[in-house]
Amino acid sequence: MMKNLPKIFISLFLITLISACATNLAGRRQVILVSEDSAIDASKQAYITTLDAYDKKGQLDKDPAMVKRVNQITAKLIKQAMILRPASQNWEWSVKVIDEPETINAWCMAGGKMAIYTGLINKLSATDDEIAQVMGHEISHALANHTAERMSVAMASDMAVKLYNSTIGDATGTTSLASAAAQVAITLPNSRASESEADEIGIEIAAKAGYNPNAAVTLWQKMAQASGSGGLEFLSTHPAPGNREKALNNLIPKMMKFYQAAR
Ligand SMILES: [Zn+2]
């Protein structure tokens, strides 16, 4: 019936979501079409829709030992995130392990809805410290409201509308244009400015949670080494700021103090 959303509907939808220029956790001004509250709300549904597809294929939380390991690491990170940004105490945090051995990826939607793929853990032989760095980085994208920025891109470029239209009448599909945008958002690249912010916030959260800051450097080195073997969704959505390794190395002395204090 509704093959294409009327333009007027889309405009009204965008207007209702428009928020004034926001300033994020890193102090950067963001131009966003989607308020953070809307992004968090939409991500709840997007998370369910995304995970349901894996659950139906039997790919969700298959290995109890790995699930326990990931949960223990992220619990410590969440504790630090809540201290750094008290508003996140109200988030409904969640993490799932997706069994996809060839996929090197992890993400965190607005409001703390996370997933990590078995390919990232196994193909990189990731240590606890490295898992903490990758999830700390992902959590930081959510803390710094980067999801809302990527959702804005998804909506402005029609990608969300296309996904929404393609699922109309599909009982398992997306339930709103906003949740379609949240689904598309995790497949879009972050800006390099966002990457630098997530690197800085992520290494701090991980250090304060008791995870070695040197692992931030080895993590990206392993990612680089793995590129070429395929399945590197993570690198395509997290473009490297030119000086990533140098910038991380510069942060390590300060982070070691947090890390040692936490140990
Ligand atoms: Zn990133």
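Relevant structure appears above.
Residues numbered from 1 in each chain as written. Predicted model: local features only at pLDDT ≥ 70, side-chain atom pairs only at ≥ 80, totals over all residues. Heavy atoms only, no water.

With that settled, consider the packing of helix α9 (residues 192–208) against helix α12 (residues 244–262). The N-to-C vectors of α9 and α12 enclose an angle of 25°; their axes lie 8 Å apart at closest approach. Classed by the angle they form, the pair α9 and α12 counts as roughly parallel. When the axes of α9 and α12 are compared, the crossing they make is right-handed. Contact residues: E195, D199, E200, I203, E204, A207 and K208 in α9; R244, L248, L251, I252, M255, F258, Y259 and A262 in α12. (Axes fitted to C-alpha atoms, helices over the stretch in contact; angles between N-to-C directions. Helix = DSSP H or I, 4+ residues; strand = E, 2+ residues; numbered from the N terminus. Parallel < 35°, antiparallel > 145°, perpendicular 65-115°, else oblique. Left-handed = near helix turned anticlockwise from the far one by under 90°. Contact = heavy atoms within 4.5 Å.)

On to the pattern of salt bridges, then. Enumeration over the complete set of coordinates arrives at 12 salt bridges. Among the salt bridges present, the one from R244 reaches E195, with a minimum N-O distance of 2.6 Å. Of this pair, R244 sits in helix α12 while E195 sits in helix α9, and the two are 49 residues apart along the sequence. Per residue, the accessibility class of R244 equals that of E195, and both read buried. For E204, the salt bridge goes to K208, with nearest N and O atoms at 2.7 Å. Of this pair, E204 and K208 both sit in helix α9, separated by four residues, roughly a single helical turn. Since its relative accessible area comes to 18%, E204 is described here as buried. One continuous salt-bridge network, built from bridges that share partners, spans R28, E149 and E197. (Salt bridge = Lys/Arg side-chain N within 4 Å of Asp/Glu carboxyl O. Buried < 20%, exposed > 50% of the residue type's maximum accessible area, 1.4 Å probe, protein only.)

Once that is clear, we can look at the environment of A247. Looking at where A247 falls in the secondary structure, it is placed in helix α12. For the pair A247 and S196, spaced 51 residues apart in sequence, the C-alpha to C-alpha distance is 8.5 Å.

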